[in-house]
Amino acid sequence: MVNGIIGKKVGMTQLFAPDGTVTPVTVIKAGPCVVVQKKSAAGADGYDAIQLGFVEERPVKLKNVNKPMRGHFEKTGGGIPPTRVLKEFRTDTSNNDVNVGDTIRVDQFADGDTIEVVGKSKGRGFAGTIKRHNFSRGPESHGSMNVRAPGSIGQSAYPSRVIKGTRSSGHMGDVRVTVKSLTVARVDAENNLLMVRGAVPGATGSVVLIKKSARQRVAKTATAAGKKK
């Protein structure tokens, strides 16, 4: 079974419990996804993985698909239409129960599951060192000329250059971020919605990857092995 799914961030809302407790949640449209490619360690790929395509309401026109991607989807037998988003999920087994063309839905998750969400953080543009790296500001007294300046970043004699990796001003955000140990608050299988407790990275409408927690996968594998014995 695939341990994850592709989704799109819809926004944030609240869930109200019967006792009046309010839980902030992020709503994610998770799937449906179609299995586009299956890789195995015994084959030419050398590792086990499943490639999923995110099925959207507005399908991709064939004229907008380049030749390499068109050929990639034609290898599936022609029954799978092209998708805009393709993501790969590594797996621990050869996935004999998953075949190309199968549909992966959000019902593989359940309330209370621990998951990891991977997304791209919001781009903040050019930012200084105080905002980007949480530097302390200088004194604001009369005559001070170092209120928000980063200060010295190099040496005069040796090595007379700026060391690589020195924190400085620059583009902030728009990087891959993984948030672990998030909890599934509610699963709406009918509408393909996943409600996650708390916030997830990315802007509204951005693509995110939802994976089952590594600890939870290990626990389920151990339970399945115990049942076989």
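Everything numeric here is computed off the predicted structure, so don't read it as measured data. (Residues numbered from 1 in each chain as written. Predicted model: local features only at pLDDT ≥ 70, side-chain atom pairs only at ≥ 80, totals over all residues. Heavy atoms only, no water.)

## As for the side chain of Thr91
Here Thr91 lies in the loop between strand E5 (86-90) and strand E6 (103-104). Those residues in contact with Thr91 that lie beyond four places of it in its chain are Asp48, Ala49 and Ile50. (Helix = DSSP H or I, 4+ residues; strand = E, 2+ residues; numbered from the N terminus. Contact = heavy atoms within 4.5 Å.)

## Observations regarding the sheet that holds strand E11 (residues 193-197)
Reading around the circumference, E1-E2-E11-E10-E7-E12 is the order of the six strands in this closed barrel, with antiparallel pairing throughout. Strand-to-strand twist across the sheet, computed as the mean angle between neighbouring axes with direction ignored, equals 50°. Two elements, strand E7 (residues 114-120) and strand E10 (residues 176-188), share six bridges in a ladder whose sense is antiparallel. Bridge pairing links Thr114 to Thr183 in E10. (Pairing = 2+ DSSP bridges. Axes fitted to C-alpha atoms, helices over the stretch in contact; angles between N-to-C directions.)

## Details of the nonpolar core
Ile6, Leu52, Ile115, Leu194 and Ile210 are the most contacted members of the largest nonpolar core, which totals 27 residues. Mapped by element, the contributors of at least two residues to this core are strand E1 (4-16), strand E2 (22-30), strand E3 (33-39), strand E4 (49-54), E7, E10, E11 and strand E12 (207-212). Counting residues in hydrophobic clusters, the runner-up holds six residues, among them Leu15, Val25, Val27 and Leu193. (Core = buried A, V, L, I, M, F, W, Y, C linked by side-chain atoms within 4.5 Å. Buried < 20%, exposed > 50% of the residue type's maximum accessible area, 1.4 Å probe, protein only.)

## Regarding the pattern of salt bridges
For side chains bearing opposite charge, pairing can occur when the charged atoms are close. Applying the stated rule across the entire model yields four salt bridges. When the shortest N-O distance is used, the salt bridge between Lys39 and Glu88 registers 2.8 Å. In this pair, Lys39 is assigned in strand E3 and Glu88 in strand E5, connecting sequence segments 49 residues apart. Using a relative accessible area of 32% as the deciding quantity, one classes Glu88 as partly exposed. A network of salt bridges, in which partner residues are shared, links Lys8, Glu56 and Arg84. (Salt bridge = Lys/Arg side-chain N within 4 Å of Asp/Glu carboxyl O.)

## Details of the pairing of E10
Where E10 lies against E11, four bridges are found, and the strand directions are antiparallel. Bridge pairing links Val187 to Leu194 in E11. The loop that links E10 with its antiparallel partner E11 comprises four residues; one of these, Asn192, has a positive phi angle of about 55°.

## Let's talk about the confidence of the model for the chain
When the pLDDT values of the chain are averaged, the result is 86; 91% of them are 70 or greater. Here helix H3 (residues 214-228) is the element of the chain with the lowest mean pLDDT, 58, and strand E8 (residues 125-127) is the one with the highest, 96. (pLDDT = per-residue confidence, 0-100.)

## What to know about the pairing of E12
One ladder, built from five bridges, connects E1 with E12; its direction is antiparallel. Pairing of Lys8 across the sheet is with Val207, part of E12. Sheet topology places E7 next to E12; four bridges connect them, and they run antiparallel. Directly across from Val117, in E12, lies its bridge partner Ile210.

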